[in-house]
Structure formats: structure tokens, C-alpha cells
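Secondary and tertiary structure notes
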Amino acid sequence: MVLDVSTLKKEVGSAWDVHLFEEIDSTNTRLLEDVKRGKADTGTVYIAKSQSAGRGRLGRSFISPDGGLYMSFCAGDIQHALSTVICAVAVFDTLCSHGFSPEIKWVNDILIEGKKICGILAQSTGDGKRAVIGIGINFIDAAIPEELGGIAAGLDRFCRKTPKKELVASEILKRYKTLSDSLPDGRDRIIARYKEGVALLGHKVTVLGTGETVLATDVDSTGALITLTEDGKTLRLTSGEVSIRKITTN
Ligand code: BTN
């Protein structure tokens, strides 16, 4: 599946400075380095056909075979926890607009029918001002490695005609910009939309690491997950610290 970068550039206009890489270790790693060296800034977008060392949250790797969408961009003047939330809403709304029925798995995954379609990784550039936000979307089901087949899927499993990568990418970038430009006034609306996508509110989840079972009740204005422990205490979970797993009863 080709990536037509000139269409992507035309679609996003001058707000984003798009660079395509045929081969790269990780668009996040490279963009972080380049921002720190002054070679890239807010608005720079790196997009790759595949990655040899894709990175996920909590030090995990993100398998990135040819055929997926691997894109990182530099965002300015924003808390990077909120960047993840805004980005999740941008991806969620983009997939809805193409007829999919996605759900957000707090904090950074987008699922369809319970299978991971997209992961988001926001990393601070260390200057307190900018963040690099990476998005990985599986487009082709057959490209998913066998060992991930039970938990991940490609978009093409859920549609008759797979949307073009450059259109999905441009729509995400445009939506991200509109949402982040709406801050600070737009924060409540962004969080409200995020909560519409988070399917686990009202469900019991396991906090990976501690093994604790908690009830997910809300998402606060910073994107943290508010939960209730079994002994009735409120526990606030932030994205940098934990992962959760929904407890299924069937
Ligand atoms: C996760 O699932 O924990 C987050 C995955 C983020 C993957 C994207 S792909 C583009 C960018 N480059 C990376 O190395 N990671 C992000």
C-alpha cells in the first residue's frame, strides 16, 4: 500500500512540515533527536513506510512492518499527557468519519472490536514546551506478526475499502491542530469527547504491575483515569505509570 506524500502535504497545507522516510529506526526517536538538536520544531512531521525499532509506551517495542502508518509530529506549548488525549480524540474521530466503530483504551490505544488498531506515544522533548507525538496504525491485517494476532488487527479487517493512508494521516493532523488550537477553552469539550470513546468507564479493570482490581469511573481534566479501589478509596492513574486491562466476564 503506497503512501502518497505529495497528497499528504497538499492536504495539510503549510501548518505542517512533512518529511517521508523510506527506512528509519523510529520516527519518534529521530524527531526527538532532531528537535533537541534544533533541526526540527513545532509543526514538523516525520512519516515512515516501516520502522526497524518502533517504540511503544512503558519501554515496549512497536512492531512496524511495511503497510502501516507510522507518523510522529512535534507539538508545542502543551502538557504531553494532554497531547495523548487530544491525539486519541483526533484518531478516534478520523476513524469514525471513515465508518469504523473504534473505542479508546485508556490511555493511548485505539481498538476496533477489541483488537488494537493504533497506539500513541507522546514524549516530552525535555524543554517543558514541546512534545513529540507518535501514532502507529495497522492498516493491513496480514502484516500483523502471528504472535500479536490475538490482540492486534489491521484496519482492512473491518472495511470493504481501506481508506488511503495519506488521507487518514492528514485528517488526524488537521483534527489535532483544530483541537489543540481550541485550548484552553476547548479542554472540557476535548475531555468530554475522549470520555465518549473510552469504553471501559463503569467497568472493573486490572492495574498491570500491581494486579489490583479497580472500578474505572471517570477521566479527569488532565486525562488521568479516576478509579475506585475495592476498599472504596479513589485512585488516580496517570499514563506514565500504569497500564490497565479490562476484566471481561464472558
Ligand atoms: C504503544 O502502543 O504503546 C504506542 C505505540 C506508538 C507507535 C508509534 S509508530 C510512530 C512512532 N514511532 C515510534 O517509534 N513509535 C510511535
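Below: a short report on this structure. Computed from a predicted model, the values in this text were never measured in an experiment.

Its boundaries defined by the atoms lining it, the largest pocket holds a volume of some 1100 Å³. Lining the largest pocket are 46 residues, with Lys 105, Asp 109, Leu 111, Lys 116 and Ile 151 positioned closest to its centre. Looking at the lining of the largest pocket, the elements that each hand over two or more residues are helix H2 (27-36), strand S3 (69-76), strand S4 (102-105), strand S5 (109-112), strand S6 (115-124), strand S7 (130-137) and strand S12 (243-246). Among the residues making up the lining of the largest pocket, the classes are represented as 20 nonpolar, 17 polar and 9 charged.

Here we take up the packing of helix H1 (residues 5-12) against helix H4 (residues 165-181). Here H1 crosses H4 at 25°, and the two axes come no closer than 9 Å. Taken together, H1 and H4 sit at an angle that is classed as roughly parallel. H1 and H4 meet at a crossing whose hand is right-handed. Contacts from Thr 7, Leu 8, Glu 11 and Val 12 of H1 reach H4 at Glu 166, Leu 167, Ala 169, Ser 170, Leu 173 and Lys 174. Considered class by class, the residues forming the contact of H1 with H4 number 5 nonpolar, 2 polar and 3 charged.

Attention now goes to unusual backbone geometry. Here the bond from Trp 106 into Val 107 is cis, since omega is 5°, no more than 30 degrees from zero. Mapping Val 107 onto the fold places it in the loop between S4 and S5. Across the junction of Leu 183 and Pro 184, the peptide omega takes the value 5°, indicating a cis bond. Mapped onto the secondary structure, Pro 184 falls in the loop between H4 and helix H5 (187-197). Even without a glycine there, the phi angle at Leu 58 is positive, about 55°. Relative to the elements of secondary structure, Leu 58 occurs in the loop between strand S2 (44-48) and S3.

Mapped onto the elements, Lys 177 comes out in helix H4. What makes Lys 177 partly exposed here is its relative accessible area of 31%. Considering only alpha carbons, one finds Lys 177 and Val 219, 42 residues apart in sequence, at a separation of 22 Å. Ignoring any residue separated from it by four or fewer positions in sequence, one finds Lys 177 in contact with Ala 15 and Trp 16.

Here is what the cut-offs are and how they apply
Residues numbered from 1 in each chain as written. Predicted model: local features only at pLDDT ≥ 70, side-chain atom pairs only at ≥ 80, totals over all residues. Heavy atoms only, no water. 1 Å grid on protein atoms, 1.4 Å probe; cavity = no way out; pocket = protein on both sides within 12 Å on 5 of 7 lines; lining within 4 Å. Points joined across faces, edges and corners; volume = space filled by probe spheres on them. Helix = DSSP H or I, 4+ residues; strand = E, 2+ residues; numbered from the N terminus. Nonpolar A, V, L, I, M, F, W, Y, C, P; charged D, E, K, R; others polar. Axes fitted to C-alpha atoms, helices over the stretch in contact; angles between N-to-C directions. Parallel < 35°, antiparallel > 145°, perpendicular 65-115°, else oblique. Left-handed = near helix turned anticlockwise from the far one by under 90°. Contact = heavy atoms within 4.5 Å. Buried < 20%, exposed > 50% of the residue type's maximum accessible area, 1.4 Å probe, protein only.

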